[in-house]
Amino acid sequence: MKVLVAGKVEGTVLKSENPINFLGTVDKKTGIISDNNHDLFGKSIKDAILVFPSGVGSSVGAYTIYSIKSHKSAPLAMICKKADLTVATGCALANIPLITISDKEFDSIKDGMRISLDTDSSNPIQNQ
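So, how was this worked out
- Residues numbered from 1 in each chain as written.
- Predicted model: local features only at pLDDT ≥ 70, side-chain atom pairs only at ≥ 80, totals over all residues.
- Heavy atoms only, no water.
- Buried < 20%, exposed > 50% of the residue type's maximum accessible area, 1.4 Å probe, protein only.
- Helix = DSSP H or I, 4+ residues; strand = E, 2+ residues; numbered from the N terminus.
- Contact = heavy atoms within 4.5 Å.
- Salt bridge = Lys/Arg side-chain N within 4 Å of Asp/Glu carboxyl O.
- Axes fitted to C-alpha atoms, helices over the stretch in contact; angles between N-to-C directions.
- Left-handed = near helix turned anticlockwise from the far one by under 90°.
- Nonpolar A, V, L, I, M, F, W, Y, C, P; charged D, E, K, R; others polar.
- Pairing = 2+ DSSP bridges.

Draft legend 1. Expanded view of helix α2 (residues 61-70). Inspection of α2 places Gly61, Ala62, Thr64, Ile65, Ser67 and Ile68 among the buried residues, and these make up the whole buried set. In this structure, the buried residues of α2 make contact with α1 (22-25), β4 (77-82) and α3 (85-94). Following α2 by one or two positions, Lys72 adopts a phi angle in the positive range, close to 60 degrees.

Draft legend 2. Structural view of the pattern of salt bridges. Inspection of every chain in the model, using the stated rule, returns three salt bridges. Linking Asp118 and Lys8 is a salt bridge whose minimum nitrogen-to-oxygen distance equals 4.0 Å. Separated by 110 residues along the polypeptide, Asp118 in strand β6 (residues 114-118) and Lys8 in strand β2 (residues 8-15) bring together distant segments of the chain. We classify Lys8 as exposed; its relative accessible area is 66%.

Draft legend 3. Molecular detail of the packing of α2 against α3. Relative to each other, α2 and α3 sit at 35 degrees, their axes nearing to 7 Å. By crossing handedness, the relation of α2 to α3 is classed as right-handed. Between α2 and α3, the residues in contact are Gly61, Ala62, Tyr63, Ile65, Tyr66 and Lys69 and Thr86, Val87, Thr89, Gly90, Cys91, Leu93 and Ala94, respectively. Within the contact of α2 with α3, the residues separate by chemical class into eight nonpolar, four polar and one charged.

Draft legend 4. Inspection of the sheet that holds strand β3 (residues 49-54) at higher detail. The sheet built from seven strands is open, its strands ordered β1-β5-β4-β3-β2-β6-β7 with mixed pairing. Unpaired on one side and paired on the other, β1 (2-5) and β7 (125-127) mark the two borders of the sheet. On average, each strand axis in the sheet is inclined to that of its neighbour by 35 degrees, with strand direction left out of account.

Draft legend 5. Here's a closer look at unusual backbone geometry. One non-glycine residue, Asp47, lies in positive phi territory at about 60 degrees. With respect to the element layout, Asp47 can be found in the loop between α1 and β3. Phi at Asn95 takes a positive value of approximately 55 degrees, unusual for a residue other than glycine. Overall, the relative accessible area of 54% leaves Asn95 in the exposed class.

Read these as spatial facts, not as claims about activity.
This is the structure in structure tokens:
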């Protein structure tokens, strides 16, 4: 596990098995996934702990993440297997906690789980 943006939150996991293109997939005002080919289509990332493999797409996606936060539609935190520059920059700009985890840890987190994330803890992900 690697902490990219520190923070402490509790919430419900919204998990995707697919990478997320924030620029083309997420509505900036509502946080709803608008790409009907995505496994989270129609779901809102607002106030969730968003767990997904990685980000994809343009570096403009970082500003999209910031915009989602300014519209109060952002996730509480993001957890990825691989944080690309877009996701890392966007989370840093928007002050959204971001960590990367192993494949095994990713597989152990299930959609709908209640977890707490504390990047200062020796065991940062705890089931609620």
